[in-house]
Amino acid sequence: MLEMDSNYFDTFLQEPPRTKMLDRLWAFQKSKGYISDADVTTLAKKYDISEVEVEGVISFYHFFHRKPAGKYTIYLNKSMTSQIRGFSRILEAFKRETNAEVGSIDPTGTFGLFLTPCIGLSDQEPSALINFYPFTNLNSLKIREIITKLKKGVPVQDIYDKPKDNIQYTPEGKESIFFSDFKPGTAVAKLASLEPKGVIEALKQTNLAGRGGAFYPTWMKWQAAMDEKNTPKIVVCNADEGEPGTFKDRVLMNKVPETVIEGMIICAYTIGASFGLIYLRAEYTWLKHRLEEVLNKYREKGLLGKNCGEITGFDFDIRIQMGAGSYVCGEETALLESAEGKRGEPRTRWYYPVQRGYLQLPTVVNNVETFSVVTKVLDFGVDEILTYGVPKSPGTKIISASGDCNKPGIYEIEWGTTLKEMLELCGAKDPWFIDESGPSGTVLSMDDEDRPIAMFAELSSEQHIRCGGALTIFNKSRDIIDILLNYADFYKQESCGICTPCRAGNFIIERKLERIRGGLANKEDIDELKQWSVLMRTTSRCGLGKTATNSLLNALDKFEDYFNERIHVSEKTKNLKFDLEEATREYEHFKN
Amino acid sequence: MGKHVNITIDGRSILAEEGRNLVEVARENGFFIPTLCYFDHIDPPLGTCRTCTCRINGKPGPACTEKVREGMMVEVNDSELSDIRKALVEMMFAEGNHFCPSCEKSGNCDLQHMGYELGIAISRFPHLFKDRLIDYNAKRMVLEHNRCIKCMRCVVDVVTDDGKRVFSYQNRGNETYVGIDYEQEAKLSRAQAVEAMNLCPTGAIMVRGESMGQPFGERKFDRNSIRPDYYDKQFKAKKRKGKLTKKTIATASLAGCFGCHMSMLDIDTDLLDLVELVSFDKSPITDIKNFSKQCDLGIIEGGCCNEENVETLRAFREKCDILVSVGECAIWGGLPAMRNTMSLGECLEEAFLNCVTNEEGNTVIPYDENLPKLLDKVYSCREIVKIDYFVPGCPPDAQHIWKAVRNLLWDENYSILYSEFKYD
Ligand SMILES: Cc1cc2nc3c(=O)[nH]c(=O)nc-3n(C[C@H](O)[C@H](O)[C@H](O)COP(=O)(O)O)c2cc1C
Ligand code: SF4
Ligand code: SF4
Ligand code: SF4
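Residues numbered from 1 in each chain as written. Chains lettered and ligands numbered in written order. Predicted model: local features only at pLDDT ≥ 70, side-chain atom pairs only at ≥ 80, totals over all residues. Heavy atoms only, no water.

1. With respect to the domain arrangement of chain A
Residues and elements named next belong to chain A.
Move 1: According to the domain assignment, chain A consists of domain 1 (72–164), domain 2 (168–385), domain 3 (389–475) and domain 4 (480–577).
Move 2: Each partner contributes residues to the interface: domain 2 has 13 residues there, and domain 4 has eight residues.
Move 3: Carbon and sulfur atoms supply 68% of the area that domain 2 and domain 4 bury against each other, a total of about 840 Å² over both sides.
Move 4: Summed over the three residues of domain 2 that lose the most area to domain 4, namely Tyr327, Val328 and Pro346, the buried surface amounts to 53% of that side.
Move 5: The tally of links between domain 2 and domain 4 comes to zero salt bridges.
Move 6: Across the contact surface, domain 2 and domain 4 share two residue pairs in polar contact (both at pLDDT 80 or more).
Move 7: Looking at the side of domain 2 that touches domain 4 residue by residue, the classes come out as four nonpolar, four polar and five charged. (Domains from an automatic or database assignment. Contact = heavy atoms within 4.5 Å. Buried area = accessible area lost by both parts, 1.4 Å probe. Salt bridge = Lys/Arg side-chain N within 4 Å of Asp/Glu carboxyl O. Polar contact = N/O pair within 3.5 Å; in protein donor to acceptor, adjacent residues only side chain to side chain. Nonpolar A, V, L, I, M, F, W, Y, C, P; charged D, E, K, R; others polar.)

2. A closer look at helix α16 (residues 368–380) of chain A
Because each turn of an α-helix spans 3.6 residues, side chains separated by three or four positions in sequence point in the same direction.
Residue and element names in this part refer to chain A.
Move 1: Compared with an ideal rise of 1.5 Å per residue, which puts 13 residues at 18 Å, α16 spans 18 Å between its outermost C-alpha atoms and is within 8% of the ideal.
Move 2: Of all 13 residues in α16, 12 are buried, a share of seventy percent or more.
Move 3: Within α16, the full set of buried residues consists of Val368, Glu369, Thr370, Phe371, Ser372, Val373, Val374, Thr375, Lys376, Val377, Leu378 and Phe380.
Move 4: In this structure Asn367 caps α16, since a side-chain oxygen of it lies 2.9 Å from the backbone nitrogen of Glu369.
Move 5: Where α16 ends, the next residue or the one after it, Gly381, has phi of about 90 degrees, a positive value. (Helix = DSSP H or I, 4+ residues; strand = E, 2+ residues; numbered from the N terminus. Expected span 1.5 Å × (residues − 1). Buried < 20%, exposed > 50% of the residue type's maximum accessible area, 1.4 Å probe, protein only.)

3. Examining the packing of aromatic side chains
All names here are of chain A.
Move 1: Per the counting criterion, the structure on display carries 31 aromatic pairs over all chains.
Move 2: Here Phe60 and Tyr61 contribute two aromatic rings whose centre-to-centre distance is 5.1 Å and whose plane-to-plane angle is 70 degrees, an arrangement assigned as edge-to-face. Tyr61 matches Phe60 in its accessibility class, with the two residues each being buried.
Move 3: Aromatic side chains Tyr327 and Tyr491 sit 6.3 Å apart centroid to centroid with 65 degrees between the ring planes, which places their arrangement in the edge-to-face category. Here Tyr327 is found in the loop between β9 (317–322) and α15 (332–339), whereas its partner Tyr491 is found in helix α19 (residues 480–494), with 164 residues between them in sequence.
Move 4: Tyr491 gets classed as buried once you look at its relative accessible area, which sits at 0%.
Move 5: Over the ring of Tyr34 we find Lys32; its NZ or CZ atom is 5.8 Å from the centre of that ring.
Move 6: Taking the ring centre of Trp219 as reference, the NZ or CZ of Lys204 above it sits at 4.4 Å. (Phe/Tyr/Trp six-rings, centres within 6.5 Å; stacked < 30°, edge-to-face > 60°. Lys NZ or Arg CZ within 6 Å of the ring centre and 35° of its normal.)

4. What about the environment of Phe135 of chain A?
Residue and element names in this part refer to chain A.
Move 1: Within the secondary structure, Phe135 is located in strand β5 (residues 133–135).
Move 2: Owing to a relative accessible area of 1%, Phe135 belongs among the buried residues under this scheme.
Move 3: Separated by 40 residues in sequence, Phe135 and Glu175 place their C-alpha atoms 32 Å apart.
Move 4: Residues within four places of Phe135 in sequence aside, it is in contact with Pro126, Ser127, Ala128, Ile130, Ile146, Val156, Ile159, Tyr160 and Asp161.

5. Describing the site of ligand 1
All names here are of chain A.
Move 1: What surrounds ligand 1 is a group of 18 residues, the closest being Gly212, Asn238, Asn366, Asn367 and Thr370.
Move 2: Note that an oxygen atom of ligand 1 is positioned 3.0 Å from one of the backbone N or O atoms of Glu332.
Move 3: Between ligand 1 and the protein, one listed contact pairs an oxygen atom with a side-chain N or O atom of Thr370 at 2.6 Å.
Move 4: For ligand 1, whose unbound accessible area comes to 600 Å², protein coverage reaches 89%.
Move 5: When contributions to the shell around ligand 1 are tallied by element, the ones reaching two or more residues are β10 (363–367) and α22 (543–547).
Move 6: A per-element tally of the shell around ligand 1 places β10 first, with three residues. (Near = heavy atom within 4 Å. Areas by Shrake-Rupley, 256 points an atom, 1.4 Å probe, with all protein chains shown as cover.)

6. Re the site of ligand 3
Move 1: Residues in close proximity to ligand 3 include Phe93, His98, Phe99, Cys100, Cys103, Ser106, Cys109, Leu111, Gln112, Arg147, Thr202 and Gly203 of chain B, which together make up its full environment.
Move 2: Residue composition of the shell around ligand 3, by class: six nonpolar, five polar and one charged.

7. Looking at the sheet that holds strand β3 (residues 53–56) of chain B
Two orientations exist for strands paired in a sheet by backbone hydrogen bonds: parallel and antiparallel.
All names here are of chain B.
Move 1: As summarised here, the arrangement of the five strands in space is β2-β1-β5-β3-β4, forming an open sheet in which the pairing is mixed. Only two strands of the sheet have a single neighbouring strand rather than two, namely β2 (12–17) and β4 (59–62). The mean angle between the axes of side-by-side strands here comes to 35 degrees, regardless of whether they run parallel or antiparallel.
Move 2: With two bridges joining them, β3 and strand β5 (residues 73–75) adopt antiparallel strand pairing. Bridging across to β5, Arg55 finds its partner in Glu75.
Move 3: Sitting on the sheet, helix α2 (residues 79–95) touches β3 and β5, and the angle it makes with β3 is about 150 degrees. (Pairing = 2+ DSSP bridges. Axes fitted to C-alpha atoms, helices over the stretch in contact; angles between N-to-C directions.)

8. Description of the side chain of Asn97 of chain B
Residues and elements named next belong to chain B.
Move 1: Mapped onto the elements of the fold, Asn97 is located in the loop between α2 and α3 (110–117).
Move 2: For Asn97, a relative accessible area of 5% gives the class buried.
Move 3: Within the local environment of Asn97, its side chain forms a polar contact with the backbone oxygen of Lys130, the two atoms lying 2.9 Å apart.

9. Remarks on the pattern of salt bridges
Residues and elements named next belong to chain A.
Move 1: Applying the stated criterion across every chain yields a total of 63 salt bridges over all chains.
Move 2: Here Glu369 ties to Lys397 by a salt bridge, and the two come within 2.8 Å at their closest N and O atoms. Of this pair, Glu369 sits in helix α16 while Lys397 is found in strand β13 (residues 396–403), placing the two residues 28 residues apart along the sequence.
Move 3: When the shortest N-O distance is used, the salt bridge between Arg515 and Asp525 registers 3.3 Å.

10. Structural notes on the side chain of Thr259 of chain A
All names here are of chain A.
Move 1: Tracing the sequence through the fold places Thr259 in helix α13 (residues 257–271).
Move 2: In this structure Thr259 comes out as buried when scored by relative accessible area, which is 1%.
Move 3: Excluding residues within four positions of it along the chain, Thr259 makes contact with Phe182, Phe371, Ser372, Thr375 and Lys376.

11. Quick notes on the domain arrangement of chain B
It is common to report an interface's size as the accessible area lost on association of the parts.
Move 1: When its domains are assigned, chain B resolves into domain 1 (4–77), domain 2 (123–224) and domain 3 (235–420).
Move 2: The straight-line distance from the C-alpha centre of domain 1 of chain B to that of domain 3 of chain B is 43 Å.

12. Here's the deal with a negative patch on the surface
Move 1: Where like charges cluster on the molecular surface, the negative patch consists of Asp266, Asp268, Asp270, Asp273 and Glu276 of chain B.
Move 2: Looking at where Asp266 of chain B falls in the secondary structure, it is placed in the loop between α7 (259–264) and α8 (270–277). (Patch = residues over 30% accessible without salt bridge, like charges linked within 9 Å, V, L, I, M, F, W, Y side chains within 5 Å. Lys, Arg positive; Asp, Glu negative; His and termini not counted. Charge placed at Lys NZ, Arg CZ, Asp CG, Glu CD.)

13. Digging into the nonpolar core
Move 1: Formed by 196 residues in total, the largest nonpolar core has its most connected members in Trp222, Leu513 and Phe563 of chain A together with Met141 and Phe167 of chain B.
Move 2: When sequence neighbours within four positions are dropped, the list of residues in contact with Phe563 of chain A reads Ile480, Ile481, Leu484, Ile516, Ile526, Ala555 and Leu556 of chain A.
Move 3: The next biggest cluster of nonpolar side chains, apart from the first, holds 32 residues, and it includes Ala583 of chain A together with Phe129, Phe291 and Phe316 of chain B. (Core = buried A, V, L, I, M, F, W, Y, C linked by side-chain atoms within 4.5 Å.)

14. Side note on the interface of chain B and chain A
Move 1: Counting residues at the interface gives 73 residues for chain B, matched by 56 residues for chain A.
Move 2: Of the roughly 5,800 Å² buried at the junction of chain B and chain A (both faces included), carbon and sulfur atoms supply 59%.
Move 3: Linking chain B with chain A are six salt bridges, by the criterion used here.
Move 4: Taking the shortest distance from any N to any O, the salt bridge between Asp48 of chain A and Lys164 of chain B comes out at 3.3 Å.
Move 5: Within the residue set of the side of chain B that touches chain A, elements represented by two or more residues are α2, β8 (167–170), β9 (177–180), α5 (182–187), α9 (307–319), α11 (344–353) and β16 (374–379) of chain B.

15. Examining the sheet that holds β10 of chain A
All names here are of chain A.
Move 1: Pairing is parallel in the open sheet, where four strands are placed in the order β9-β8-β7-β10. Both outer strands of the open sheet, β9 and β10, are each paired with one neighbouring strand and no more. For this sheet, the mean angle separating the axes of adjacent strands, direction not counted, is 20 degrees.
Move 2: Where strand β7 (residues 234–239) meets strand β8 (residues 275–280), six bridges bridge the pair, whose relative direction is parallel. Considered in β8, the bridge of Val236 is made with Leu277.
Move 3: Across the sheet, α15 lies against β7, β8, β9 and β10, angled at about 100 degrees from β8, the strand it touches most.

Here it is, written out as structure tokens:
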């Protein structure tokens, strides 16, 4: 087998040693279950930086530990879909079986028990990672069996659950764009005759807009990168898929990874890049081997490396960069910082990645699904793609459906499908509060059921739903305030922490929501929630803070009755509601 | 000199060198845009504090990360933008634990100064009271995490002679703080350390033996403001109708130090005029214990730390037509709220059981039916009752208090000087 030629990267791009920082930290973490003081000193010396800077990197990522995290480190998903599938029972079972408390290890140091946000398995919750191997559809009995086996010394890799793809639907009577058979190299073979101009043209004609959530026209990004003079150029595949409830990229990488890698090659050819990087979230460590296999297959076939696809002078190869637990690293500039071995803090818009991206070089960052589509556009041909979907939004879209529905999983729907049709397909049970594109997307109610899911509106009057890839369904038995508090907690912890409105704002929002839950809120509290949400949206530095209050604002708007029932209507007295008993409870402990 | 471009700021056309930072260009042309993290020599700009948010070509965004380009339309001073910028600074006060009266940086502090310049009387946000440690471990510096606004200046700009960073962010989200490297810090010269202290826009970086050098009253911002006066929007200027009628005032000191009451007495001979115009009902000034009638105005000093405070405050709300919070303790908890970063139990155990001056074996945490029960934390008055007006300060200047009172009771014009508004 042809291994990745390690010299390849050195020839085209001298990556500074520090770019290996995350890999090194992973090596320390995996060998001992934590990163020691000596490790910190070693790295500081190696990269000639201060120790506090190394500590800063370690403490940014929640999968890195400075204290022993157990021979078996368990990460239980705490996202909303896990909560509605019995999270608290599962947590109790883990505590009981392992003897570990949340955030710590058991007295023998065998098990470490930690909570983590969505691990991309919302269609098979409750689920957890043990030493980064997935365990899905958990119940108390199953947990007992797992822990018993691990105690007996059975290796984790022998007992984990290989996650199912759960592809529930592809367009009826038509070939699936994403999941139809694909022979590696077919799309690359078309490049020589198309030339970069032809690729850009094909993307333009199919109206391809980025599938990472922002829907930026892909051809414009590629064109801008193509026009950059500076070389070498970089192609980055964003496989960080951190938006709670989203798992489409997981399935693409598991089922059709060739289409993703080939899309990156097409991009490299088009913009003239010589170096590729897949930034894979640590939650998907179990997919790394699969991707490596395919990369090697591509190298073997001469589709990666020197003169890729027998195109003279087109040299391109790809490496995988593992993340280490941080949602914001899905934001493209934070991702680049992270890949450079730093804290994943988003950059300002002083430069765009196409101008100065990875190592300040021109860089295109695209989502996994975007690359897949590119490959299939070349493979199927523009005309064929245009027969799917609706005129302004041709083609199909992958939706990850989960929550209160009978058939959670992957739905490849044609653009233009209405919410109602989608809900019927997945067997939604009594849907009430529907989250589209996760917490940072919008909240839908049944009033929205006739709206089409599309990239662009056909008519200016049309209220299309621009779904980034997740549909999380909640029925009436779920409490909206619980959902919103779960989201607020998520953002409070996942904010990178460098800009005020997001770092402090999410914390403040959480406090306010707690007031509502405690029955202390009044009309002014609701008004303030709205104003402060808008403030965060207007002033935050990156998309995280800008979208963190999307669900909240929508919910306040669409579920007004729900909130009105929960607020305290000020009486004439101007005395506000205050729980004196609760406030003095702690002091009562000192009564002798 | 580079190419020049035409831009407009608040409708005024300006010719500026292309590609320059918008904050600089605006400043040179007399527009005040508040900034806290901005530093002219750091490239790319930090863009962390967001207090320079303006509208650029119709879209809100920070001015500090904008390069001037042809045709750029900038809006700085409309009421919405001013309020956004004010809110961001208020958020910093709510997020940190800022006790200006006991802070070494007071008067030299950019954050405090910005509070004054933007006319902040109260933070609209609830104080978060997050527990933060003070790091005394470095050789020269003390790092006061309660005051850090995470502006990133020190992170990028304080480096040793051999190019190593002395500061770096640690953790993430609401747990983010700025960590200091003791080894690197020790390599800094005294002058470099002082430079780091001066670069910090707040009192978070202190150098031992250097932080109190300059006397209060002679500090950078002590006499220096862009504002001619401190007209405070809460107190609307009104036309006085008819002649002055006598009014009744009640006052109370809850969890406060009586400093605000002392300040009220500070108007010297004006007090004699005032006595003609007001009668005091329930108040420590008159020692009247119970309300005898409905009052026109209630003045509250201090927040609520026990159940008796809550009852008193509620009685004031019932008995006073207008209720004013005077001083920081009433407004957000103030000094007594220093305990809010820890649990009540911890606080009592430290004070009554573990304190070194306590007599060993003879310690008890007081609890008696006749003692008012302590609350789990100190609450600001506005968390318990609706407060109509706020007079900030610790304590507020006597003139400030009485001008506010005269405005509220007799519609007198309200206008105070910087020296009357500034209390540190
Ligand atoms: C907080 C945050 C998280 C994001 N997470 C992801 C992600 O996990 N995957 C992704 O592809 N894009 C993510 N994005 C969007 C990326 O910044 C970027 O727009 C995208 O990768 C561009 O690819 P596309 O044009 O193909 O969509 C995120 C953005 C923000 C603000
Ligand atoms: S918005 Fe949040 S995640 Fe983005 S830069 Fe600001 S603090 Fe960081
Ligand atoms: S840092 Fe500034 S605002 Fe904070 S307490 Fe000190 S003087 Fe006040
Ligand atoms: S210590 Fe001072 S300079 Fe450093 S980030 Fe905090 S406020 Fe800014």
